[in-house]
Amino acid sequence: SCVRPAARAGAWARGGAMVAPRSGNKGESTGFVGAAFERKRRLDLLLAVHSAFAMACGAVALVAPHLFALFFGEALHGSYFRWNPADPQVKLTHEVIRLYGALILGQALIVWHVRGCADGAMRRGIVRAYFVVFTLTFLVLLRSHLTDDHWHLSNWLNVFMFGGLAAFYGWFYSVSPPPIFEGLDKVII
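Right, let's walk through the structure included here. (Residues numbered from 1 in each chain as written. Predicted model: local features only at pLDDT ≥ 70, side-chain atom pairs only at ≥ 80, totals over all residues. Heavy atoms only, no water.)

**Some thoughts on the overall build of the protein chain**
A count of helical and extended segments in the protein chain gives 6 helices and 0 strands. Counting helices and strands in the order they occur from the N terminus, the protein chain gives α-α-α-α-α-α. Here the protein chain, with 189 residues, has 34% of them falling under the buried criterion. Long-range pairs, those at least 24 residues apart, make up 69% of the contacts in the protein chain between residues at least 6 apart in sequence. For the protein chain, the exposed area adds up to about 11,300 Å²; of that, 70% sits on carbon and sulfur atoms. (Helix = DSSP H or I, 4+ residues; strand = E, 2+ residues; numbered from the N terminus. Buried < 20%, exposed > 50% of the residue type's maximum accessible area, 1.4 Å probe, protein only. Contact = heavy atoms within 4.5 Å. Areas by Shrake-Rupley, 256 points an atom, 1.4 Å probe, with all protein chains shown as cover.)

**Some remarks on the pattern of salt bridges**
Across all of its chains, the model carries 2 salt bridges by this definition. For D44, the salt bridge is made with R123, and the minimal N-O distance between the two is 2.7 Å. Pair noted here: D44 is in helix α2 (residues 31-63) and R123 is in helix α5 (residues 120-146), with a separation of 79 residues, a long-range link. Taking the shortest distance from any N to any O, the salt bridge between E95 and R98 comes out at 3.4 Å. Highlighted residues: E95 and R98, both in helix α4 (residues 88-114), separated by 3 residues, approximately one helical turn. Of the residues examined, E95 reaches a relative accessible area of 43% and is grouped as partly exposed. (Salt bridge = Lys/Arg side-chain N within 4 Å of Asp/Glu carboxyl O.)

**Remarks on a nonpolar patch on the surface**
Taken together, the side chains of F131, V132, L136 and L139 define a hydrophobic patch exposed on the protein surface, amounting to about 330 Å² of accessible area. Of note, L139 is situated in helix α5. Classification of L139 by relative accessible area gives partly exposed; the value is 44%. (Patch = residues over 30% accessible without salt bridge, like charges linked within 9 Å, V, L, I, M, F, W, Y side chains within 5 Å.)

**Overview of α4**
For α4, which comprises 27 residues, the first-to-last C-alpha distance of 39 Å matches the rise-based estimate of 39 Å (1.5 Å per residue) to within 8%. Buried residues of α4: V90, H94, I97, G101, I104, A108, V111 and V114, and no others. (Expected span 1.5 Å × (residues − 1).)

Below you can see the structure in the form of structure tokens.
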């Protein structure tokens, strides 16, 4: 079941599932349960950070598609503040970028709310979905840049960034045991 973090805290205070005690050594947890708790907190942190970056990228794509187009190698057209260039192809590109921004923003909101969900299958599914999305994005960008006549450093940085994200999410999905994906309220002593 999906429970908001505040509700989980209330359950802990009422004698529900309890978190592992912390040792006095630089915030390290003690024992097996403490280590599991820390790994679950890392997943929540990963989802929160990713969601925040995705919200920012989605907002930029919606509000200023010309800036987001630089990410794909579009020319600056003389100004950072040019909203509607006269070229119909650029207008079409900006519409597609805005649609992409809406999708990015929507998935960021989904992931932000999944942080409060205790359902391990759902949380693991989100990590797997990111692995698939970033792997496909990496392959599409790689193909695009290998078949391009021009070499652009910024485009290759995008290829490596999405390749790294795919590798990271793939590693996290395949190496982490299923209990790590369950919510923090499932950690008991």
